[in-house]
Amino acid sequence: MTSLQLLVNGLLLGCLYAVIAVGFSLVWGVMNIINVAHGALLMVGAYITFWLFHLWGVDPFATIPVSMAGLFVLGYLLQRYLFNRLVRAPIFMTFILTFGVALIVENLSLYWFTAEYRSARPAYSSSVVHIGGLLVPTVRIALALIAVALTSALFVFMGRTRIGLAIRATRMNLESAKLMGVRIGSIYAITFGVGAALAGAAGSLMSIAYVISPVMGPPYLLRAFTICILGGLGNIYGALVGGLLFGVVESFGGLWLGTGFQDVIGMAMLVLVLLVRPSGLMGKRFYEI
Amino acid sequence: MGGRRQRALAVAAAVLCLALALAAPFVVGRYTLRFLTSTLMFAGFAVSWNILGGLTGYFSFGHSVFFGIGAYAVAIGMVKAGLPFWVSLVASGLAAALFAVAIGLPVLRLRGHYFALVTLGIGEVVRGVVSNLTKLTGGGGGLSLPIFPGGVDTIYRAFYFMMLGTLLASLLVVYGLLHSRIGYGLVAIREDEDAAQMIGISTTAHKVLAFALSAMFFGVFGGIYAYWLTYIEPADVFDIKISVLSIIMTLLGGLGTLVGPLLGTICFQLLSEFLWNRLLEFHTAFLGALMIVIVLVFPRGFIDAARGGVRGAFRRTVANVRQFAE
């Protein structure tokens, strides 16, 4: 495989990583919650796509809005009725709380869906495009485009809509936002819902081109974390750049070290960035656009 | 602990517990003895996790790594290098402690969320690497160890006493720390790391020491566990549940105390024996639910909640929610 091919593969995968990371970054940046359940939510989204495709033959791409809506509701309810209770608690408490949710979701999925590896591959997934000397599956290009569209949509949502502005205002100054009539409780719930919906969309995208299983979450959680650190927290561009960078490094590292050691590279990158440049490659201090 | 009478009571209680623990293996049946042996091991997890998590304030979610390293050190030492068990056991503690120093030097510079997630990540990574080093570790297929010499009852008792001995050692270390300069240093770091550094505590050395001590005990427990089960595989000894259990049991009993983790483990083991061990496929979900209940209702542990009454703890939680909601 040529380096150019590896680069393209890495960039296409990196777009998906960016979607995983922006949702995680949004929740972290706005509420200071490390959402350990992010990987589990992604897995739920992947299974929504899989079951719709498998049971009713719905086109996997058409299931993305369904999984986003479903995950938005789930995320909204989780934040509204569970996580909001501890927003002011020490950071470890929310960490443990979301960890508990992740364990429950994963356990139930393992019970209902079994540990079998699955995938929602549509019939047309074998078609490829020749660009120069490169072979690129059409589906992966579509996935990357959708991923970029979702990231851009979040950008517009945060910058141009009233709710987006309210979320940013809440992040910048809680007390002033309250005085301006922002209902913090529901804004937090919406923020978490949006983060969960992005995780769901990412899960749906993953299920089309990759294998899924109930325990797929934790590795993606760690990637999301690494990418947020790489790109700088609370910054959509940063997550996109971090995601692309991570995808490329992983794709080359897999060739040089073997796929079994891929996660080591990610972890090494994470520790290195945290030590050398803790604010990230494009770091800004707060949630800014 | 104020007053001579209270101290005398505490000593009496400790002596009584120790006597019961020493007599138990000659009285109870095999099933119970097995249960007690694993309870001692879990108690050891909680007590030694508490050195870093409770005393120093650094929540590690990756302590299963040290357990796994200890287990593999004994397995590789005995099977591949042909060393006797006791030598391998020393190696398991050393290997875990050395690994803790190696990763602790960079990672302990991180605080809060960062440290927690990085330790979680290291856990995942090491498990992946061990599964892939097939030549040394047998990969996903695991390693089989020789069986402990002697009759069935001897074996049961031997492992019980090994676990008990290691647990006592870890308790002694925590006791020593709580009454020494180093321990005060650790607590100072927990309360305010910058201030601790300002008054001249070498924070890095303290944190690495706490990390290594805590890891060493996990390594030794892992080593004993490997010889006890005579078969280990990465999915079992690097199970994230080991880290999660340590945290839950410590939180149940109370962070940063000597007997808290011990009591937390006993509560937890009784709960799990009578409640959810009958529904093994939902074990992890129960653990998750327990974590949620702990942080919502008993954020300072059962002991504290019992002091102010469960109602008091609940009222505090509700007050917290009210204060937040508009």
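Worth saying up front: this structure is predicted, and the values here are computed from it rather than measured.

*Asks:* Is there a simple way to explain the packing of helix α6 (residues 162–172) of chain A against helix α8 (residues 184–209) of chain A in this structure?
*Replies:* To characterise two packed helices, one gives the angle between the axes of the helices and the distance between these axes. Residue and element names in this part refer to chain A. Running from amino to carboxyl end, α6 crosses α8 at an angle of 110°, the nearest separation of the two axes being 10 Å. The orientation of α6 with respect to α8, classified from their angle, is roughly perpendicular. Contacts between α6 and α8 involve I163, A166, I167 and T170 on the former and, on the latter, I184, I187, I190 and T191. Counted by class, the contact of α6 with α8 contains 6 nonpolar, 2 polar and no charged residues.

*Asks:* How do you make sense of the interface of chain B and chain A when you look at a structure like this?
*Replies:* Interface size is commonly expressed as the accessible area that is lost once the parts come together. Opposite the 36 residues of chain B that make contact, chain A presents 38 residues. Counting residues per element, the ones that place at least two in the side of chain B that touches chain A are α4 (85–107), α5 (112–132), α14 (283–297) and α15 (301–324) of chain B. Of the residues forming the side of chain B that touches chain A, the biggest block, 13 residues, is contributed by α5 of chain B. In terms of residue class, the side of chain B that touches chain A is made up of 24 nonpolar, 8 polar and 4 charged.

*Asks:* How should helix α10 (residues 203–229) of chain B be read in this particular structure?
*Replies:* In an α-helix there are 3.6 residues to a turn, and that puts residues three or four apart on one side. Residues and elements named next belong to chain B. Here α10 contains 27 residues, and its C-alpha end-to-end distance of 39 Å stays within 8% of the 39 Å for a straight helix at 1.5 Å per residue. Of all 27 residues in α10, 22 are buried; the element is thus mostly enclosed. At the exit of α10 stands T230, carrying a positive phi of roughly 60°.

*Asks:* What is the right way to read the confidence of the model for chain A from this model?
*Replies:* For residues with low pLDDT, the predicted coordinates do not support detailed interpretation. All names here are of chain A. Of all residues in chain A, 93% have pLDDT values of 70 or greater, and the mean over the chain is 85. Of all the helices and strands in chain A, helix α11 (residues 262–276) carries the lowest mean pLDDT, 74, while helix α3 (residues 64–81) carries the highest, 94. Per-residue pLDDT stays below 50 along residues 285–289; that stretch engages in 14 contacts with residues further than four places along the chain or on separate chains.

*Asks:* Sorry if this is basic, but what is going on with the pairing of strand β1 (residues 128–131) of chain A here?
*Replies:* Here is the key point about a regular strand: its side chains alternate between the two faces of the sheet. All names here are of chain A. Pairing geometry for β1 and strand β2 (residues 134–137), over 4 bridges, is antiparallel. In the strand pairing of β2, H130 is matched with L135. Hairpin connection, β1 to β2: the antiparallel pair is bridged by 2 residues, and G132 has positive phi, about 60°.

*Asks:* What should I look at first to understand the confidence of the model for chain B in this one?
*Replies:* All names here are of chain B. When the pLDDT values of chain B are averaged, the result is 85; 90% of them are 70 or greater. In the model of chain B, α15 stands out as the element of lowest mean pLDDT, 54, in contrast to α10, which has the highest, 94. The low-confidence segment residues 319–326 (pLDDT under 50) makes 9 contacts with residues lying over four places distant or belonging to another chain. Here the complex is predicted with pTM 0.82, and the ipTM for its interfaces comes to 0.83.

Conventions used here
Residues numbered from 1 in each chain as written. Chains lettered and ligands numbered in written order. Predicted model: local features only at pLDDT ≥ 70, side-chain atom pairs only at ≥ 80, totals over all residues. Axes fitted to C-alpha atoms, helices over the stretch in contact; angles between N-to-C directions. Helix = DSSP H or I, 4+ residues; strand = E, 2+ residues; numbered from the N terminus. Parallel < 35°, antiparallel > 145°, perpendicular 65-115°, else oblique. Contact = placed C-beta atoms within 7 Å. Nonpolar A, V, L, I, M, F, W, Y, C, P; charged D, E, K, R; others polar. Expected span 1.5 Å × (residues − 1). Buried ≥ 20, exposed ≤ 12 C-beta atoms within 10 Å, placed from the backbone. pLDDT = per-residue confidence, 0-100. Pairing = 2+ DSSP bridges.

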